[in-house]
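Spelled out from the first residue to the last, the chains are:
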Amino acid sequence: MAGYKPRVISLTKKPGQTFGFYLRLEHGEEGHLVRCLEMGGPAELAGMKDGDRILRVGGTYVDGLPHSEVVDMVRNSGATATFHILDEAPYKKAKAKGVNLSEPQGKPVANGVSKMAEKPKLCYMVKSSAGYGFSLRSVEREKGLFMTEVIPGSMAYKAGIRVNDRLLEVNGNNVESSTHEQVVDMIKLAGNCVMFLLVDEETDKYYQSKYMKMGAWLATTRYLTHKPRKIHITKGSDGYGFLLKKEPNQAGHFIKDIERNSPALTAGLKEMDRLVAVDGKEVETCSHEQAVNKIKQSGNNCCLLVVDKETDQMYKLGKATPMLFLEEFQDSNLPPSYTEAIKLPAPVQPSIPVEERREELKPKLCKMEKTAAGYGFHLNGIQGVCGQYIMDVVKGGAADRAGLEDDDIVVEVDGVNVEQSSHDEVVQMIRSSGNSLEMLVAKKSVYGQLKDKGVTITRLLLGETSYAQVHKADIPEVSKEERQEEEEEARPETPAEAARERVSHSKHSNMAVGFYNSTIH
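Residues numbered from 1 in each chain as written. Predicted model: local features only at pLDDT ≥ 70, side-chain atom pairs only at ≥ 80, totals over all residues. Heavy atoms only, no water.

- As recorded by an unreviewed UniProt entry, the chain carries the name PDZ domain containing 1 and is attributed to Labrus bergylta.
- Regarding the chain, the UniProt comment filed under Sequence similarities (unreviewed entry) reads as follows: "Belongs to the NHER family." (UniProt positions renumbered as here; feature names shortened; annotations may be inferred.)

See below:
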């Protein structure tokens, strides 16, 4: 595959956020395409480009897989996903020449900068009522134990475990020479939580070809649910505002007695955080006096790496040091990661009166009359996930004049709540509405805020004046009595919004795979 080297990009997203791109299958185009990159999103920051083709997701070659299957892999990848990407021109050239693109190539990239080869991975799981969600298998004449039957969405899958990963360690103990029964017993004895060190097939081959032994000291921590915290503090007139103490029967140096309104509190330090490093230098093996002196020597500014109790216990379970996290993410020359980028100061916005801000947290009631060109919007949905949203609103069309906008979330169709309805059901309701349609929708941001507050979204949130904010297209006026009667109808409780990945099936595809996209006529 010389001349067709893919890039390996790892993306991390914040809970409730997306990877910042659409994954599409388009008529007349081969492969799974990257489209609609979100400016400042993790994909754009990492160097993905419009038209790129995704060859692998999490080490699995996907170029020949059904689009719906690839979409599910991305959606179920958790907070971090690794992609093998090939530019559009080389991809088309390779396809034209019949080149086998499944051969492993390329170096990992984070925010557009090449890194070393992929690493073994630490994966931490807390058992759910359904268990961990994986099985172990051994292969005759092949060393080690391998992951199989990893259930999508299970604790194992969310922890970063994938089919064919080879198991190296259980809770910090090497198991490469252990029998199947011995490892199963170790996992059972671990109780309700366990830390694995695993290696995927491609990375395994790389290290074996170099005759390199693998252990937790080489591991990536990007799949771990609990993260150490880098705390940047500037000394105030009364110092940093905390004490560093030793605790009885506990190893390490602990943050205590944080003063109110102190630099320590403002920077995010918490009571009983354990100090791991000062200005990038490990202090876990230092005496208490040495650790205190390192902070004093920092002058007026210092950077502390700390772990809370939960994170500390997780690392100790795997017999790993939190310094792995610092070593992996300390390169300050890289552009900010997505996690860091979202913490950057937001642009100053003009102040908005409190009353006006509250007014914005409302849905919209959009009434429209069908024209010869239809209503003029697409209804999008994700297979297996409830919730429909508006896309491709035609400028000047009935939907546009009624106030519908791209990414509006559909709450009601002609007075019926559809948040838990399937895509086909909602499309059928719209088609059955005749020549007029009434939709209660909410901007995505408004929808999310209302759901976070536990507010059920109905017309009652509109208030009488809001009815006049939408285009009526010669619809007869509704009397106040009729409107009150309509508002007093019993509405089903609206469940919390189902999680949605921001990837979409293209409207140009002739196949309804993975994602739904319906033009409403």
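### A few points about the layout of surface pockets
Step number 1: When its volume is computed, the second largest pocket comes out at roughly 380 Å³.
Step number 2: Lining the second largest pocket we find 19 residues, and of these Lys143, Arg166, Asp204, Lys205 and Gln208 sit closest to its centre.
Step number 3: Within the residue set of the lining of the second largest pocket, elements represented by two or more residues are β12 (166-170) and α6 (201-209).
Step number 4: Residue contributions to the lining of the second largest pocket peak at 5 residues, all from α6. (1 Å grid on protein atoms, 1.4 Å probe; cavity = no way out; pocket = protein on both sides within 12 Å on 5 of 7 lines; lining within 4 Å. Points joined across faces, edges and corners; volume = space filled by probe spheres on them. Helix = DSSP H or I, 4+ residues; strand = E, 2+ residues; numbered from the N terminus.)

### So, empty space enclosed by the protein
Step number 1: Under the criterion given, the structure shown has 2 cavities of 30 Å³ or more.
Step number 2: When its volume is computed, the largest cavity comes out at roughly 120 Å³.
Step number 3: Looking at the largest cavity, it is lined by 14 residues, and the ones nearest its centre are Glu118, Asp200, Thr203, Arg222 and Tyr223.
Step number 4: Counting only elements with at least two residues in the lining of the largest cavity, the list comes to β6 (80-86) and α6.
Step number 5: Residue classes in the lining of the largest cavity are distributed as 2 nonpolar, 6 polar and 6 charged. (Nonpolar A, V, L, I, M, F, W, Y, C, P; charged D, E, K, R; others polar.)

### Thoughts on the pairing of strand β9 (residues 121-126)
Step number 1: The buried fraction of β9 amounts to 5 of the 6 residues, a majority that puts the element mostly inside the structure.
Step number 2: As judged from the 6 bridges shared by β9 and strand β14 (residues 193-199), these two strands associate in the antiparallel manner. Of the residues in β14, the one forming a bridge with Tyr124 is Met195. (Buried < 20%, exposed > 50% of the residue type's maximum accessible area, 1.4 Å probe, protein only. Pairing = 2+ DSSP bridges.)

### So, α6
Step number 1: Looking only at α6, the buried set comprises Thr203, Asp204 and Tyr207. When α6 is viewed along its axis, its buried side chains cluster within an angular range of 105 degrees and face the same direction.
Step number 2: The N-capping residue of α6, defined by a side-chain oxygen 3.2 Å from the backbone nitrogen of Glu202, is Asp200. (Arc of directions from axis to C-beta. Polar contact = N/O pair within 3.5 Å; in protein donor to acceptor, adjacent residues only side chain to side chain.)

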